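Breakdown of the fold
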Amino acid sequence: MTSQQRFTHITQPEGVAAGPGCSHVVTGTGRLVAVSGQVATGEAGQLVGPGDPSAQARQVFENLRRCLAAAGLSFGDVIKLTYYLTDAAHLPAVRTVRDEFIDTAHPPASTAVQVVALARPEFLLEVEAFALAADGS
């Protein structure tokens, strides 16, 4: 059974405007997995892509991919992404990179928030994920 068979994606509920590249509602069954917010650090903790929102987004999504894999999951199991950006103007670059990782035909629900700062001043974004593992996995 693929993740798309386990999930129902509602991109535009009645009376709600469609969102750019996200589903407003994703439902399914399984074990909830929460992945802490990931930032643009490499394996040794070094910043990747100073000042470059695309490079930082690519590292963030690679870190998310590795965290999901540690739980036996993939981006196909993600039901919700939350983006924290220090500048909302970076959102188009982040979405472009995101689309390299997710199934754009069945996108997860998502929220983007502009924040004053993240844990370190050089971080431009942080992304957290919620996923559903198939029952028994």
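For clarity, every value in this text was computed on a predicted model and none was experimentally measured.

1. Some details on the environment of Phe61
Positionally, Phe61 belongs in helix H2 (residues 53–70). Judged by its relative accessible area of 0%, Phe61 is buried.

2. With respect to the environment of Glu100
The residue Glu100 is located in the loop between helix H3 (91–98) and strand S5 (109–114) in this model. Sequence spacing of Glu100 and Thr11 is 89 residues, and the spatial spacing of their C-alpha atoms is 19 Å. For Glu100, the side chain forms a polar contact with the side chain of Arg58, separated by 2.6 Å.

3. Things to note about the packing of H2 against H3
Two elements in contact, H2 and H3, have axes separated by 9 Å at closest approach and are oriented at 40°. Between H2 and H3, the interaxial angle falls into the category oblique. The handedness of the crossing between H2 and H3 is right-handed. For the pair formed by H2 and H3, the contact residues are Pro53, Ser54, Ala57, Arg58 and Phe61 on the first element and Ala93, Val94, Val97 and Arg98 on the second.

4. Considerations on the sheet that holds strand S3 (residues 31–38)
Taken together, the four strands give an open sheet; going across it, the order is S3-S6-S4-S5, and neighbouring strands pair in mixed fashion. Sheet topology places S3 and S5 at the edges, where each strand pairs with a single neighbour. Direction aside, the axes of adjacent strands within the sheet are offset by 10° on average. Against the sheet, H3 makes contact with strand S4 (78–85), S5 and strand S6 (125–133), and its axis sits at roughly 150° relative to S4, the strand it touches most.

5. A short note on the nonpolar core
Of all hydrophobic cores here, the largest spans 25 residues; its most connected members are Phe61, Leu64, Phe75, Leu81 and Leu125. The set of elements that each furnish at least two residues to this core consists of S3, H2, S4, H3 and S6. Contact partners of Phe75, with chain neighbours within four places excluded, come to Phe61, Leu64, Arg65, Leu68, Phe101 and Ile102. Counting residues in hydrophobic clusters, the runner-up holds five residues, among them Phe7, Val26, Ala109 and Leu132.

6. Comments concerning the pattern of salt bridges
A complete count under the given rule lists six salt bridges for this structure. Asp77 is paired through a salt bridge with Arg6; the nearest N and O atoms lie 2.6 Å apart. Linking Asp77 in the loop between H2 and S4 with Arg6 in helix H1 (residues 3–6), this pair joins segments that are 71 residues apart in sequence. Take Asp77 and Arg6: they sit in the same class, and that class is buried. Measuring nitrogen to oxygen at the nearest pair gives 2.7 Å for the salt bridge that ties Arg120 to Glu122. Relative accessible area serves as the criterion here: at 31%, Arg120 is assigned to the partly exposed category. Here Glu122 falls in the partly exposed class, since its relative accessible area comes to 29%. Members of the salt-bridge network, linked through shared partners, are Glu62, Arg65 and Arg66.

Rules behind the numbers
Residues numbered from 1 in each chain as written. Predicted model: local features only at pLDDT ≥ 70, side-chain atom pairs only at ≥ 80, totals over all residues. Heavy atoms only, no water. Helix = DSSP H or I, 4+ residues; strand = E, 2+ residues; numbered from the N terminus. Buried < 20%, exposed > 50% of the residue type's maximum accessible area, 1.4 Å probe, protein only. Polar contact = N/O pair within 3.5 Å; in protein donor to acceptor, adjacent residues only side chain to side chain. Axes fitted to C-alpha atoms, helices over the stretch in contact; angles between N-to-C directions. Parallel < 35°, antiparallel > 145°, perpendicular 65-115°, else oblique. Left-handed = near helix turned anticlockwise from the far one by under 90°. Contact = heavy atoms within 4.5 Å. Pairing = 2+ DSSP bridges. Core = buried A, V, L, I, M, F, W, Y, C linked by side-chain atoms within 4.5 Å. Salt bridge = Lys/Arg side-chain N within 4 Å of Asp/Glu carboxyl O.

Distances and angles like these do not, on their own, reveal function.
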